[in-house]
Amino acid sequence: MSTIGLPMPVLRTPTLDPGDGFTAHDENSLLDQYDRRARDLRISLTDFCNLRCTYCMPAEGVEFMSRDAAMTREEIVRFVRIAVEKFGVDQVRFTGGEPLTRKDINEIISGVAALEPRPNIALTTNAIGLDKRAAKLKAAGLDRINVSLDTVDPETFETMARRPFLHRVLEGIDGAQEAGLDPVKINAVLLPGVNDHQAPDLLQWCLDRGLSLRFIEQMPLDAGHSWDRGEMITAADIFALLEPRFVLTPDSAPRNGAPAEKFLVADRRDPGTVLGTVGIIASVTRPFCADCTRTRLTAEGRVRTCLFSHTEVDLLTAMRRGADDEAIADLWKGAHWKKLAGHGMDTDDFVQPQRPMSAIGG
Ligand code: SAM
Ligand code: SF4
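Residues numbered from 1 in each chain as written. Chains lettered and ligands numbered in written order. Predicted model: local features only at pLDDT ≥ 70, side-chain atom pairs only at ≥ 80, totals over all residues. Heavy atoms only, no water.

A. Inspection of the pattern of salt bridges at higher detail. By the definition in use, this model includes 18 salt bridges. Note that Glu85 is salt-bridged to Arg81, the shortest N-O span being 3.2 Å. Here Glu85 pairs with Arg81, and both are found in helix H1 (residues 73-87), just four residues apart, close to one helical turn. On the accessibility criterion, Glu85 (43% relative accessible area) is partly exposed. For Arg81, a relative accessible area of 24% puts it in the partly exposed group. (Salt bridge = Lys/Arg side-chain N within 4 Å of Asp/Glu carboxyl O. Helix = DSSP H or I, 4+ residues; strand = E, 2+ residues; numbered from the N terminus. Buried < 20%, exposed > 50% of the residue type's maximum accessible area, 1.4 Å probe, protein only.)

Structural data, given as structure tokens:
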């Protein structure tokens, strides 16, 4: 067992009664009743994906949303403009499903990059096709990129993603680095008995290429609802897997609300030489809900205040019916005010959301 600990999670208590004193115009920001302010907008561009990762999507029989149901480029840029102008949102991350399957992604990014003030623009992708698109994405205004890669073993990749496309993902990562996207962060989910034993090799592979790896604890967002709290690989397990080969030292740089706990990494045979960093996102065992700064829009333009919400508020229908910016901002604020204190994954009465991760936007 590791000697390195993660800080204890903190849950906030409400500072205001939502029915007592709150009006949607109180603040020019997106506040909730626990006094958290959302500055980070995650937008799903599509629920479609060209992989079928077992922890995210079903093997077959997925019904994707119709093209008309999804936000258009203009609608997306308008939602971001409202968030930037009315709430001070300064970080936008595009995700999905697989966002690179949207043909208009360059135009969406350049539209957001033209906003004043310009938010920081990030993308989470499986990197398929990224080799041919990275330079144009960067030119359009993309600032940061996260690529999902759980293994560098082709067979394990096929088992986990249910598609034999590891080579395409690796080409995509090369393309991102060649295009000068920096840093390229890698997200990995470890599944027991599938790729957990490969964690040290994956870290070494990333260190060798100057890629910044983050392990994400598996969350109950799989389409098959087969997540098991007792079976999942925890942050403590990840330390135990890495420590025989690496020395991990907590990074003293400020975390600034980031979900990943960062560690400096050295090889045990040469503990004085830092080779890079690794992050651990312990969403399940060390939730960071008290510091959450996120608001989310699904590809159909519905606000979700949390990955684990059971309710959504439909902003797109209001927009399509002619609502002005003020009215849309008020709807968004009203939804966000009700954001729960925490996701409750570790409680007995936790109920997994109906939508899988691919249909929410990770
Ligand atoms: N398709 C893109 C990708 O894979 O990067 C973007 C969407 S994906 C839903 C976003 C992130 O969510 C990925 O890093 C993926 O590994 C992560 N993810 C998906 N299902 C998850 C789960 N059940 N638990 C933890 N992370 C999950
Ligand atoms: Fe697709 Fe990303 Fe989900 Fe994998 S994690 S199935 S790549 S949306």
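After presenting the structure, the write-up continues.
B. Representation of the site of ligand 2. Residues in contact with ligand 2, as listed here, are Cys49, Leu51, Cys53, Cys56, Met57, Gly97 and Asn126. Of the residues belonging to the shell around ligand 2, the class tally is five nonpolar, two polar and no charged. (Near = heavy atom within 4 Å. Nonpolar A, V, L, I, M, F, W, Y, C, P; charged D, E, K, R; others polar.)

C. Spatial organisation of the packing of aromatic side chains. This model, assessed by the stated rule, comprises four aromatic pairs. Look at Phe79 and Trp332: their rings are 6.2 Å apart centre to centre, the planes differ by 85°, and that puts the pair in the edge-to-face class. In this pair, Phe79 sits in helix H1 while Trp332 sits in helix H9 (residues 325-337), placing the two residues 253 residues apart along the sequence. Considering the side-chain rings of Phe239 and Phe263, the 5.1 Å spacing of their centres and the 90° angle between planes classify their relative orientation as edge-to-face. (Phe/Tyr/Trp six-rings, centres within 6.5 Å; stacked < 30°, edge-to-face > 60°.)

D. Quick look at the pairing of strand S10 (residues 261-267). With respect to burial, S10 is a largely interior element, five of its seven residues being buried. Of the strand pairs in this sheet, strand S9 (residues 246-250) and S10 are connected by five bridges, and their pairing is antiparallel. Along S10, the bridge assignment pairs Val247 with Ala266. Summarising the sheet, S10 and strand S11 (residues 274-281) pair through six bridges and their orientation is antiparallel. Note on S11: the bridge partner recorded for Val265 is Gly276. (Pairing = 2+ DSSP bridges.)

E. Structural detail: the packing of H1 against H9. Two elements in contact, H1 and H9, have axes whose closest approach is 10 Å; the angle formed by their N-to-C orientations is 75°. The orientation of H1 relative to H9 falls into the category roughly perpendicular. Residue-level inspection shows Arg78, Phe79, Arg81, Ile82, Ala83, Lys86 and Phe87 of H1 in contact with H9, the latter providing Asp325, Glu326, Ile328, Ala329, Trp332 and Lys333. Counted by class, the contact of H1 with H9 contains seven nonpolar, no polar and six charged residues. (Axes fitted to C-alpha atoms, helices over the stretch in contact; angles between N-to-C directions. Parallel < 35°, antiparallel > 145°, perpendicular 65-115°, else oblique. Contact = heavy atoms within 4.5 Å.)

F. Representation of the site of ligand 1 within the structure. By nearness alone, 19 residues border ligand 1, and Tyr55, Gly97, Glu98, Ser148 and Met219 come closest of all. At 3.0 Å from a nitrogen atom of ligand 1 is found a side-chain nitrogen or oxygen belonging to Glu98. Between ligand 1 and Thr125, the relevant distance is 3.2 Å, taken from an oxygen atom to a main-chain nitrogen or oxygen of the residue. Contact with the protein chains hides 95% of the accessible area of ligand 1, taken as 540 Å² for the molecule alone. Mapped by element, the contributors of at least two residues to the shell around ligand 1 are strand S5 (120-125) and strand S7 (184-189). (Polar contact = N/O pair within 3.5 Å; in protein donor to acceptor, adjacent residues only side chain to side chain. Areas by Shrake-Rupley, 256 points an atom, 1.4 Å probe, with all protein chains shown as cover.)

G. Main features of helix H6 (residues 199-208). Across the 10 residues of H6, eight count as buried, placing the element largely inside the fold. Once H6 finishes, Gly210 follows within two positions and takes phi at roughly 70°, a positive value.

H. Here's a closer look at the packing of H1 against helix H2 (residues 105-113). The geometry of H1 relative to H2 is characterised by a closest axis approach of 9 Å and an angle of 30° between their N-to-C directions. Here H1 is positioned roughly parallel relative to H2, judged by the angle of their axes. For the element pair H1 and H2, the recorded crossing hand is right-handed. Touching Arg73, Ile76, Val77 and Val80 of H1 are Glu107, Ile108, Gly111 and Val112, all from H2. Here the residues of the contact of H1 with H2 sort into five nonpolar, one polar and two charged. (Left-handed = near helix turned anticlockwise from the far one by under 90°.)

I. Layout of the sheet that holds strand S13 (residues 302-304). Sheet architecture is open: 12 strands sit in the order S9-S10-S11-S8-S7-S6-S5-S4-S3-S12-S13-S14, paired in mixed fashion. The open sheet has two edge strands, S9 and strand S14 (313-314), and neither has a second partner. Packed on one face of the sheet, H1 meets strand S3 (40-44), strand S4 (91-95) and strand S12 (294-297) and runs near 170° to S3. The strands touched by H9 are S3, S12, S13 and S14; relative to S12, the strand with the most contacts, the crossing angle is about 120°.

J. The side chain of His336, seen in detail. In this fold, His336 is placed in helix H9. In this view, His336 contacts Leu30, Leu31, Asp32, Ala38, Arg294, Thr295 and Thr305; residues no more than four positions away in its chain are not counted.

K. Here's a closer look at the pairing of S11. Inspection of the sheet shows strand S8 (residues 212-216) paired to S11 by four bridges, in the parallel sense. Within the sheet, the bridge partner assigned to Phe215 lies in S11 and is Ile280. Hairpin connection between S10 and S11: a loop of six residues separates the two successive antiparallel strands.

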